[in-house]
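What the coordinates show
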Amino acid sequence: MDDKNLTPKERLKIPPQEMPEQDPAERINNVDEVPYGYTEELARMEADRCLQCKNKPCIKGCPVEIDIPEFIKAIAEGNFRESVRIIKETNILPAICGRVCPQEEQCQRYCIVGKSHKSVEKAVQIGKLERFVADWEMKNGEAERPEIRKSTGKKVAVVGSGPAGLTVAAEVRREGHDVTVFEALHKPGGVLIYGIPEFRLPKAIVMEEVENLKKMGVEVRYNSVIGKIFSIDELFEKGYDAVFVGTGAGLPNFLNLPGENLNGVYSANEYLTRANLMQAYSFPETDTPTANSRNVAVFGGGNVAMDSARTALRLGAENVYLVYRRSRKEMPARVEEVEHADAEGVQFLLLQNPVNLIGDEDGWIKQVECIKMELGEPDDSGRRRPIPIEGSEFRIDIDTCIIAIGNSSNPLIPDTTPDIETNRWGNIVTDDETMKTSKKGVFAGGDIVLGAATVILAMGQGRKAAVAINEYLETGQW
Amino acid sequence: MNKIIEKEFITSDLFRMKVEAPEIARKRKAGQFIILIVDEKGERIPLTIADADSDAGWIALVAQIVGKTTKVLSLLEVGDSIRDLAGPLGKPTHIEKYGRVVVIGGGVGIAPAHPIAQAMKEGGNTVISILGGRTKELVIMEEEMKAASDTVIITTDDGSYGNKGFVTDALQKLIDDGVFINLVVAVGPPIMMKFVSKLTKKYEIETIVSLNTIMVDGTGMCGCCRVSVGGETKFVCVDGPEFDGHKVDFDEMMKRIQMYKPQEKEAMDRFLSE
Ligand SMILES: Cc1cc2nc3c(=O)[nH]c(=O)nc-3n(C[C@H](O)[C@H](O)[C@H](O)COP(=O)(O)OP(=O)(O)OC[C@H]3O[C@@H](n4cnc5c(N)ncnc54)[C@H](O)[C@@H]3O)c2cc1C
Ligand code: SF4
Ligand code: FES
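What comes next is a walk through the structure.

Definitions and limits used
Residues numbered from 1 in each chain as written. Chains lettered and ligands numbered in written order. Predicted model: local features only at pLDDT ≥ 70, side-chain atom pairs only at ≥ 80, totals over all residues. Heavy atoms only, no water. Phe/Tyr/Trp six-rings, centres within 6.5 Å; stacked < 30°, edge-to-face > 60°. Helix = DSSP H or I, 4+ residues; strand = E, 2+ residues; numbered from the N terminus. Buried < 20%, exposed > 50% of the residue type's maximum accessible area, 1.4 Å probe, protein only. Lys NZ or Arg CZ within 6 Å of the ring centre and 35° of its normal. Near = heavy atom within 4 Å. Polar contact = N/O pair within 3.5 Å; in protein donor to acceptor, adjacent residues only side chain to side chain. Areas by Shrake-Rupley, 256 points an atom, 1.4 Å probe, with all protein chains shown as cover. Nonpolar A, V, L, I, M, F, W, Y, C, P; charged D, E, K, R; others polar. Core = buried A, V, L, I, M, F, W, Y, C linked by side-chain atoms within 4.5 Å. Contact = heavy atoms within 4.5 Å. Pairing = 2+ DSSP bridges. Axes fitted to C-alpha atoms, helices over the stretch in contact; angles between N-to-C directions. Parallel < 35°, antiparallel > 145°, perpendicular 65-115°, else oblique. Left-handed = near helix turned anticlockwise from the far one by under 90°. Arc of directions from axis to C-beta. Buried area = accessible area lost by both parts, 1.4 Å probe. Salt bridge = Lys/Arg side-chain N within 4 Å of Asp/Glu carboxyl O. Expected span 1.5 Å × (residues − 1).

**Topic: the packing of aromatic side chains**
One pass over the structure, following the stated rule, counts 10 aromatic pairs over all chains. An angle of 85° between the planes, with centres 6.3 Å apart, marks the rings of Phe254 of chain A and Phe235 of chain B as edge-to-face. Placement of the pair is Phe254 of chain A in the loop between strand E5 (251-252) and strand E6 (265-267) and Phe235 of chain B in strand E15 (residues 232-235), with the two residues belonging to separate chains. Overall, the relative accessible area of 16% leaves Phe254 of chain A in the buried class. The side chain of Lys372 of chain A reaches across the aromatic face of Phe394 of chain A, ending 5.2 Å from its centre. Across the ring face of Tyr161 of chain B, the terminal group of Lys136 of chain B is positioned such that the distance to the ring centre comes to 5.0 Å.

What follows is the structure, encoded as structure tokens:
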């Protein structure tokens, strides 16, 4: 097809290209990635759907302002290397973002093609295209690494190796500063490695991105819990000139229900960490055990809940119930995840809420009592507030229960660094533009500032912080 | 990677290791622990730091072989390395001048009790240590505990060494003898800590226990280590490991540490058959 000759009308006629994916019945028996990704033909076909709008409305929806029409044009022309280069000007982790960003609420929401069809689902599949070129680059030899400026002799400590920390590390290293990333766990990536499952984000991708950083000269130190092994002040004493705190929202929320400490009751963080980081799905090949579940209830409606439910299926559960207090429409999870969970057989118990966890005499969970809900007036979040229907309680037999109702900020750094100001939720307070904290030389970004948010927002804040860090190191002015 | 520089078996299933970890050695305080991973496929397990030398740059760990991980760890030799070691974790023991402190160590719990006795002594307290074991060979670190205490009392369940009976019997005797006790610190099997706390509650003696729950990350991220303390859920790895013994729900905790018993047995059997 000769792209240049397509009229907008013809472009609008091309249907959105689906990514081929593993069959649901098959995939619940393995942890391999679900969608296979576009082929070159599919990608170029999808790229042809883009109208190359002059005012580029989609960019407005992208937290790091990728030049979307330009990278799509390069794909349409078959110039994949150029396409990745354009993306990487503002996003260093496209293989990851292409897979996990909520595009339907970001770029694709603003896409004119979607608007013409009056359906955001028919927008140009920007995320799938991003994934395609990023994967293409990984498959086709060395990723292009940015040029590193001459060494400045300045040292920066990055605390936490989640998307925020990794972004800062790359952008600060580029300017010729020495960068050490301190990570509490034994592997890098934060939620990308311990939370988001293999079937959604293969860990080899995360590891490869970190390898690229190391090749740029970034040092990564694992098993280093800052606040314990060194305080932030001690990092300065050790000669670091600036510190970035990207420690994430690693504090699981519980419901404060009776029976929450029964055996078989997990936070989503624990359940997913066992499965992903510790590879409990290969037990006893690997040493970390997890529950041998048959009937699982997951509480929540976000990505974390979907990931937990789908992981439970893959670990062999027969029935996985997803209990959510609003309706499907209000679920904060990415649409694709909800669809995947549905197709795989997760049973949605909508407009229901757990009120009591009931155990047996050995201290194991055996039932959950739920109450039915109805939707009332919209609340602060704009979503309709769920109200319990009196007398509608009922019980479900379960042996495992996963609480996926969100995370709060990890308190380790704020607790050990009292001169870093936090708000009443424990999030670090920063300047919106520079990500400076109340402590001189210390910047912060990602979930520790935003509360549990998204990968791309964490990266966006990392970028802002990196710009400010580079400037601070050059001028010395706070 | 942390190199093992010394290893000795205290009994056939209890061993002590010195491991190179200069930064942890410098930073750690009494009551803190580390999390280690033995090898590539290993799980994360917590072990209390039993001793450390900041100049020589090592920490000492004492472990009992209770499952596959501790078994594999026990098979490592001097010169081998432990894949991952993170710490020091948890809050240090609160040390102040209480007056007379009774430090109780049960079995392998004597190892973590040792630095606490040391620190209490350095903090200006009179330290009476009660060491308990099922039988003579399970009463470990007697010499070290003697050096860290003013008095050491030994009990064995079978009477093969010291007084016959439980650590609670020895504690009861101290109380009956009119010894005024300002604080009791108990480290050992949950059932021991439960009964020590029960006894001291009766006499209203402040009691600290050090809890050894199952953990994963050890940084407060997963909640696997949670316990009920005074009706509130606490995370042992970041809020503890030491808590007010009178408030801990030991029954709940004892159930929780049994959670993976079948899987642990499966892993061990599989390992032994290989
Ligand atoms: C299960 C799950 C699924 C998700 N799915 C999506 C999705 O599909 N799309 C999306 O956009 N977002 C998703 N999110 C949210 C997203 O993962 C986070 O918003 C993002 O990872 C935040 O990045 P971060 O760099 O701020 O922190 P994190 O990724 O949380 O990383 C923080 C890192 O800091 C380390 N750390 C913490 N304390 C210390 C310390 N004291 N010293 C040293 N290191 C420390 C931690 O170990 C961790 O590695 C999901 C989250 C979860 C839990
Ligand atoms: S809004 Fe849609 S059609 Fe327009 S440039 Fe962006 S991706 Fe292309
Ligand atoms: S071990 Fe995970 S929170 Fe304590």
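**Some points on the site of ligand 1**
All names here are of chain A. Taken together, 35 residues sit near ligand 1, with Val100, Glu183, Arg200, Ile226 and Asp447 positioned nearest. Within the backbone of Pro163, a nitrogen or oxygen atom sits 3.2 Å from an oxygen atom of ligand 1. Within the backbone of Ala164, one N or O atom sits 2.9 Å away from an oxygen atom of ligand 1. For ligand 1, the accessible surface in isolation is 1000 Å², of which the surrounding protein chains cover 96%. Of all the secondary structure elements, the ones that give two or more residues to the shell around ligand 1 are helix H11 (163-174), helix H16 (303-314) and helix H20 (455-475). Sort the elements by how many residues they give to the shell around ligand 1 and H16 lands first, with 3 residues. Each residue belonging to the shell around ligand 1 can be placed in one class, and the counts come to 17 nonpolar, 13 polar and 5 charged.

**Quick look at the nonpolar core**
Counting 122 residues, the largest nonpolar core has Phe71 of chain A together with Leu36 and Ile59 of chain B as the members making the most contacts within it. Top contributing element to this core by residue count: H20 of chain A, with 10 residues. Setting aside residues up to four positions removed in sequence, Ile59 of chain B forms contacts with Met17, Lys18, Val19, Ala21, Ile24, Ala25, Ile34, Ile49, Asp51, Ala52 and Leu85 of chain B. Residues Leu262 and Val265 of chain A together with Ile205 and Val248 of chain B belong to the second largest nonpolar core, which totals 55 residues.

**Concerning the pairing of strand E1 (residues 2-11) of chain B**
Residues and elements named next belong to chain B. Pairing geometry for E1 and strand E6 (residues 81-82), over 2 bridges, is antiparallel. Of the residues in E6, the one forming a bridge with Lys3 is Ser81. Where E1 lies against strand E2 (residues 14-20), 6 bridges are found, and the strand directions are antiparallel. Residue pairing in the sheet places Thr11 in a bridge with Leu14 of E2. Two successive antiparallel strands, E1 and E2, enclose a turn made up of 2 residues.

**Description of the site of ligand 2**
Residue and element names in this part refer to chain A. Around ligand 2 sit Cys50, Leu51, Cys53, Pro57, Cys58, Pro69, Cys111, Ile112, Val113 and Ile126, and that is every residue in its neighbourhood. Listing elements by their share of the shell around ligand 2, those giving two or more residues are helix H4 (57-60) and helix H9 (112-116). The residue makeup of the shell around ligand 2, split by class, is 10 nonpolar, no polar and no charged.

**Details of the sheet that holds strand E9 (residues 347-350) of chain A**
Residues and elements named next belong to chain A. Spatial ordering of the open sheet is given by E6-E14-E7-E8-E9, a layout of 5 strands whose pairing is parallel. The open sheet has two edge strands, E6 and E9, and neither has a second partner. Neighbour-to-neighbour, the strand axes of this sheet turn through a mean angle of 20°, independent of strand direction. Of the strand pairs in this sheet, strand E7 (residues 295-299) and strand E14 (residues 400-403) are connected by 4 bridges, and their pairing is parallel. Looking at the pairing, Val296 lines up with Thr400 of E14. Sitting on the sheet, H16 touches E7, strand E8 (319-324) and E14, and the angle it makes with E8 is about 170°.

**Quick word on the sheet that holds strand E4 (residues 242-245) of chain A**
Residues and elements named next belong to chain A. Here 5 strands make up an open sheet; going across it, the order is E3-E2-E1-E4-E16 and the pairing parallel. A single partner strand is all that each edge strand has here, and the edge strands are strand E3 (219-221) and strand E16 (442-444). Sheet twist, expressed as the average angle between the axes of neighbouring strands with direction ignored, equals 20°. Alignment of strand E1 (residues 155-159) against strand E2 (residues 178-182), held across 5 bridges, turns out to be parallel. The residue bridging Val159 from the neighbouring strand is Phe182, located in E2. Across the sheet, H11 lies against E1, E2 and E4, angled at about 170° from E2, the strand it touches most. Contacts from H20 reach E1, E4 and E16, with the element oriented near 170° to E4.

**Focus on the packing of helix H5 (residues 68-76) of chain A against helix H10 (residues 126-139) of chain A**
Residue and element names in this part refer to chain A. Two numbers describe how H5 lies on H10: the axes approach to 11 Å, and their chain directions differ by 55°. Taken together, the axes of H5 and H10 lie oblique to each other. As for how H5 packs across H10, the hand of that crossing is left-handed. From H5, Ile68, Phe71, Ile72 and Ile75 reach across to H10, where they touch Ile126, Leu129, Glu130 and Val133. For the contact of H5 with H10, the residue count by class is 7 nonpolar, no polar and 1 charged.

**Overview of the side chain of Arg314 of chain A**
Residue position: Arg314 of chain A is located in helix H16. Setting aside residues up to four positions removed in sequence, Arg314 of chain A forms contacts with Arg27, Ile28, Asn30, Val31, Val34, Phe199 and Glu344 of chain A.

**A closer look at helix H3 (residues 40-47) of chain A**
All names here are of chain A. Within the sequence span of H3, burial applies to Ala43, Glu46 and Ala47. Relative to the axis of H3, the buried residues are bounded by an arc of 100° and lie together on one face. Contacts made by the buried residues of H3 are with H5 and H10.

**Considering the interface of chain B and chain A**
Chain B puts 44 residues into the contact, and the matching count from chain A is 46 residues. Both faces combined, the contact of chain B with chain A buries some 3700 Å², and carbon together with sulfur accounts for 52% of it. At the boundary of chain B and chain A, one finds 5 salt bridges. Between Arg221 of chain A and Glu23 of chain B there is a salt bridge whose closest N-O contact spans 2.8 Å. Linking chain B with chain A are 22 residue pairs in polar contact (both at pLDDT 80 or more), by the criterion used here.

**Some thoughts on H11 of chain A**
Residue and element names in this part refer to chain A. For H11, spanning 12 residues, the distance from its first C-alpha to its last is 17 Å, which sits close to the expected 16 Å at 1.5 Å a residue. A large share of H11 lies buried, amounting to 11 of its 12 residues. Regarding H11, the residues found buried are Pro163, Ala164, Gly165, Leu166, Thr167, Val168, Ala169, Ala170, Glu171, Val172 and Arg173. Among the structural elements, E1, E2, helix H12 (191-194), helix H13 (203-215), E4 and H20 are those in contact with the buried residues of H11. Looking one or two residues past H11, Gly176 carries a phi angle of roughly 95°, positive in sign.

**Overview of the pattern of salt bridges**
Within the structure shown, the criterion is met by 49 salt bridges over all chains. Among the ionic pairs, Glu285 of chain A bridges to Lys41 of chain B, the shortest N-O distance being 3.7 Å. Placement of Glu285 of chain A in the loop between helix H15 (268-275) and E7 and of Lys41 of chain B in the loop between strand E3 (33-37) and strand E4 (45-53) is noted, with the two residues assigned to different chains. Judged by its relative accessible area of 42%, Glu285 of chain A falls in the partly exposed class. For Asp379 of chain A, the salt bridge goes to Arg326 of chain A, with nearest N and O atoms at 2.8 Å. Here the residue Asp379 of chain A occupies a position in the loop between strand E11 (365-378) and strand E12 (384-388), and Arg326 of chain A occupies one in the loop between E8 and helix H17 (335-344), the gap between them amounting to 53 residues. Here Asp379 of chain A and Arg326 of chain A have matching classes, each one buried. Members of the salt-bridge network, linked through shared partners, are Glu21, Arg27, Arg200, Asp307, Arg310, Arg314, Arg334, Glu336, Glu337 and Glu344 of chain A.

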